Amino acid sequence: MECVIETESLLKVYGDLAAVKGVSVKVRKGDIYGVIGKNGAGKTSLLKLILGLTFPTSGGIKLFGSEDLSAERKRIGSLIEEPALYNGVSAFENMKRFSYLSPTDDEEINRLLEFVGLGNVGKKPVKALSLGMKQRLHLHFLLLWNPVQNFLNDFLL
Ligand SMILES: Nc1ncnc2c1ncn2[C@@H]1O[C@H](COP(=O)(O)OP(=O)(O)O)[C@@H](O)[C@H]1O
Ligand SMILES: [Mg+2]
């Protein structure tokens, strides 16, 4: 079975602190994989390494079986902790602004808002949404971006 994420002895050191201490994981295509650990255990640091937001001190990463990480990362959608959204405008307006990533018409934006369960809040300013709703909205933004949509097309539709 193809591994979509593979890390080998991944180490990330900040100063004299090893935040990620030799992590080797294999995530197979189609799997849902959870990382559980105490605060400060290194979960976020591991995800940042995989996404290329920080670089490993040592160790290796393969994505979709390839070491050409910058090419493969174009296929990945991500949300680390808080979504970054325009707070003063509506969910719909946020998606209009992000649709430069992948030109999308208003009807498709509304369809995707329905799909992530935000059909009824499209007009509210984002600052009036709960954190969970904002995370759903970010998921919508990932769908606009296509990697998750490709995933859904491959596995669910
Ligand atoms: N940019 C950074 N500079 C220095 N230390 C950091 C940095 N990011 C995270 N750390 C440290 O790395 C450890 C792991 O943090 P983190 O990966 O955020 O943990 P988790 O997400 O599991 O709560 C913590 O001790 C944290 O203080
Ligand atoms: Mg964290």
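Given the structure is predicted, the values throughout are model-derived calculations rather than measurements.

(A) Up close: helix α4 (residues 106-115). Burial in α4 covers these residues: Ile109, Leu112 and Leu113. End-on view of α4: buried residues confined to an arc of 105 degrees, all on one side of the axis. Gly117, located one to two residues past α4, shows a positive phi value of around 80 degrees.

(B) Molecular detail of the nonpolar core. The biggest cluster of nonpolar side chains holds twelve residues, and these are Ala91, Met95, Phe98, Ile109, Leu112, Leu113, Leu118, Leu137, Phe141, Leu142, Leu143 and Leu144. Breaking this core down by element, the ones donating at least two residues are α3 (91-98), α4 and α5 (131-145). Here the element with the most residues in this core is α5; it accounts for five residues.

(C) Region of interest: the sheet that holds strand β3 (residues 58-63). The antiparallel open sheet is built from three strands, whose spatial order is β2-β1-β3. The open sheet is flanked by β2 (17-28) and β3, the only strands paired with a single partner. Within the sheet, the average angular offset between the axes of one strand and its neighbour, ignoring direction, is 15 degrees. Bridge count between strand β1 (residues 3-14) and β2: nine bridges; the pairing is antiparallel. Across the sheet, Lys12 pairs through a bridge with Val20, a residue of β2.

The rules we used
Residues numbered from 1 in each chain as written. Chains lettered and ligands numbered in written order. Predicted model: local features only at pLDDT ≥ 70, side-chain atom pairs only at ≥ 80, totals over all residues. Buried ≥ 20, exposed ≤ 12 C-beta atoms within 10 Å, placed from the backbone. Helix = DSSP H or I, 4+ residues; strand = E, 2+ residues; numbered from the N terminus. Arc of directions from axis to C-beta. Core = buried A, V, L, I, M, F, W, Y, C linked by C-beta atoms within 7 Å. Pairing = 2+ DSSP bridges. Axes fitted to C-alpha atoms, helices over the stretch in contact; angles between N-to-C directions.

Keep in mind these values describe shape, not function.
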